[in-house]
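One-letter residues, chain by chain:
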Amino acid sequence: MNWYVTPHTRSRVALDKLPVLPYARFHREAAELLENDRFHCAHYFGTPDRQGITIYCIQLNDESAKAWIYSWQYGYYAHEEYPSLSAIHPAPHPFERAITEQFGVKFKDHPYDKPLRFAHDRWNRRAGLKEYSFYQIDSPALHQVNVGPIHAGIIEPGAFRFICNGEIILHMEVVLGFQHRGIERLFGATSNWLRQAALSEIIAGDSALSHAWAYAAVIEKLTGKAAPDRLERERTMAQELERIAMHIGDLSGLCTDIGYQLGQVACEALRTISINTIQSWYGNRFGKSLIRPGGTYYPLESAAGTRIADHLKEIRRRLTEVCEDLFSTPSVLGRFEECGKVSRAQMMKIGAVGLAARASGVPRDIRQSHPYGAFDGFEAVILDTGDVMARARMRYLEALQSIERILHLLRDNDSQELPHPDYTTPLPPDFLCFALVEGWRGEICHADLTDARGILAHYRVKDPSLHNWYALSLAVREAEISDFPVNNKSFNLSYCGHDL
């Protein structure tokens, strides 16, 4: 067998069990898997070791809830150029770009061979943003518009370069990489699990609970200590509260971008209630410190559960009223419908994930395909028009779905005593482990490797925005440039989740 197959729930693998393939065989077999719509690439990354660069690939089978893991190696002084997977299947293009940027590996036929992040520790220190080669179309009839990287308000840095024919966008290129906190390197710079858990919460601040759960799951799988059922249920409720708050906040932002003030202020108020509901649990509105490896200091008490149920019922009632008006108002429909369409075929080709993919008919949801926590039997919401309207309706429908799941879980009066977090159990040496979580934007994957001492040596993070920024570029083609803000908000992607 040329790959290691494992259920994602048992994704702790000894490194000497992982196949190391010649690149030609790796390329052939990875391409064969990606030919099948059941498979998609969860992570593809390199780590330095004594032999050179070992590059690991994790492919997910969305029907069997299993993962295919395998690797290949690149010597430190190798000068060979390798055939690109992206030339056959575009979905892995950001992974290959990152490998090239970090380690100098050359993929000779890569269709979009541009830097991904301009990391401070990139292999080619001479390549910078000033030397970035923007796509060009030479024509006196066309003009270029640059937006960013400095934006108004609190938006993070990112540059958008438009090529337009009058008001119509022919092409938009997104350039990120203006900020680097070195998050992945910081994980390996400390053996303090509490500090690592806190780092996970700032990968993307609006997804603190989701990324913290992914980190906790990695540590729990490595130590072999499964979280108790009650803890898994409470983590599920916390993550779904995060999903509700962020989805409602995005509905407010969408209303802002089309000047629909009633929807804006109503959804802003409901978002405040949502994050205050999280705060009523244990004191932090964004879920920080709630999820930790092995246990919690904040079990959900019955009084807090009652408050959460009351708040959610009120949110459900008011959100339903707001969205019935929102999705029946002619001026809203005129801006949302048929705007920013991305087809199912396009989403599949670029490897899109999460809400944006499901709005285009792609049934990709880790809660359904690779269940974790209390998501057994989960069925994802799927729409098929792929426009701003679909992405807005997805937020409404998923918020309602999350409310119902939390209310259902709250009916279980489990008095099981929960342990405190575990920060001391030794990790096994020379292991790879990964964890999957469906954040509110989409699929999150955390992967780590321990060294011979059992120390977390390499940590790799994939935020859903890595896949979906290119979907935004597709959405605005042939749109008027004035529709860019509402399209951008309909995806609401993370700059820092991409830049790491």
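Structure first, text after, so check above.
Residues numbered from 1 in each chain as written. Predicted model: local features only at pLDDT ≥ 70, side-chain atom pairs only at ≥ 80, totals over all residues. Heavy atoms only, no water.

Would you explain empty space enclosed by the protein in this entry?
Left-over empty space is what a probe sized like a water molecule reveals as it rolls over the atoms. The full count for this structure, using the stated rule, is six cavities of 30 Å³ or more. In this structure, the largest cavity spans a volume of roughly 220 Å³. Lining the largest cavity are 18 residues, with R97, L116, V174, W469 and H498 positioned closest to its centre. Where the lining of the largest cavity is concerned, the elements lending two or more residues are α2 (93-103), β10 (168-175) and α14 (465-475). (1 Å grid on protein atoms, 1.4 Å probe; cavity = no way out; pocket = protein on both sides within 12 Å on 5 of 7 lines; lining within 4 Å. Points joined across faces, edges and corners; volume = space filled by probe spheres on them. Helix = DSSP H or I, 4+ residues; strand = E, 2+ residues; numbered from the N terminus.)

Hey, could you run me through helix α4 (residues 193-200) in this one?
Along an α-helix, a turn takes 3.6 residues, which lines up residues three or four apart on a common side. By the burial criterion, the buried members of α4 are W193, Q196, A197, L199 and S200. For α4, the buried positions fall inside an angular range of 160 degrees around the axis, keeping them on one side. The inward-facing, buried residues of α4 abut α3 (183-188), α5 (208-223) and β13 (456-462). A side-chain oxygen of the first residue of α4 lies 2.9 Å from the backbone nitrogen of L194; this N-cap is N192. (Buried < 20%, exposed > 50% of the residue type's maximum accessible area, 1.4 Å probe, protein only. Arc of directions from axis to C-beta. Contact = heavy atoms within 4.5 Å. Polar contact = N/O pair within 3.5 Å; in protein donor to acceptor, adjacent residues only side chain to side chain.)

What should I look at first to understand the sheet that holds strand β2 (residues 12-14) in this one?
What links the strands of a sheet is backbone hydrogen bonding, and the strands pair in either a parallel or an antiparallel sense. Read from one edge to the other, the open sheet built from four strands follows the order β2-β11-β12-β13, with strand pairing classed as antiparallel. A strand with exactly one partner marks an edge of an open sheet, and here the two such strands are β2 and β13. Strand-to-strand twist of the sheet, defined as the mean angle between neighbouring strand axes without regard to direction, takes the value 15 degrees. In this fold α5 packs onto β2, β11 (431-438), β12 (443-450) and β13, with an angle of close to 145 degrees to the strand it touches most, β11. (Pairing = 2+ DSSP bridges. Axes fitted to C-alpha atoms, helices over the stretch in contact; angles between N-to-C directions.)

Where do I start with the pairing of strand β5 (residues 66-74) in this structure?
If a strand is regular, its side chains alternate between the two faces of the sheet. When you tally the buried positions in β5, you get seven out of nine residues, the bulk of the element. Of the pairings in the sheet, the one linking strand β4 (residues 53-61) to β5 comprises nine bridges and is antiparallel in character. What sits directly across from C57, in β5, is Y70. Between the end of β4 and the start of β5, which pair antiparallel, lie four residues, with A65 showing a positive phi angle near 60 degrees.

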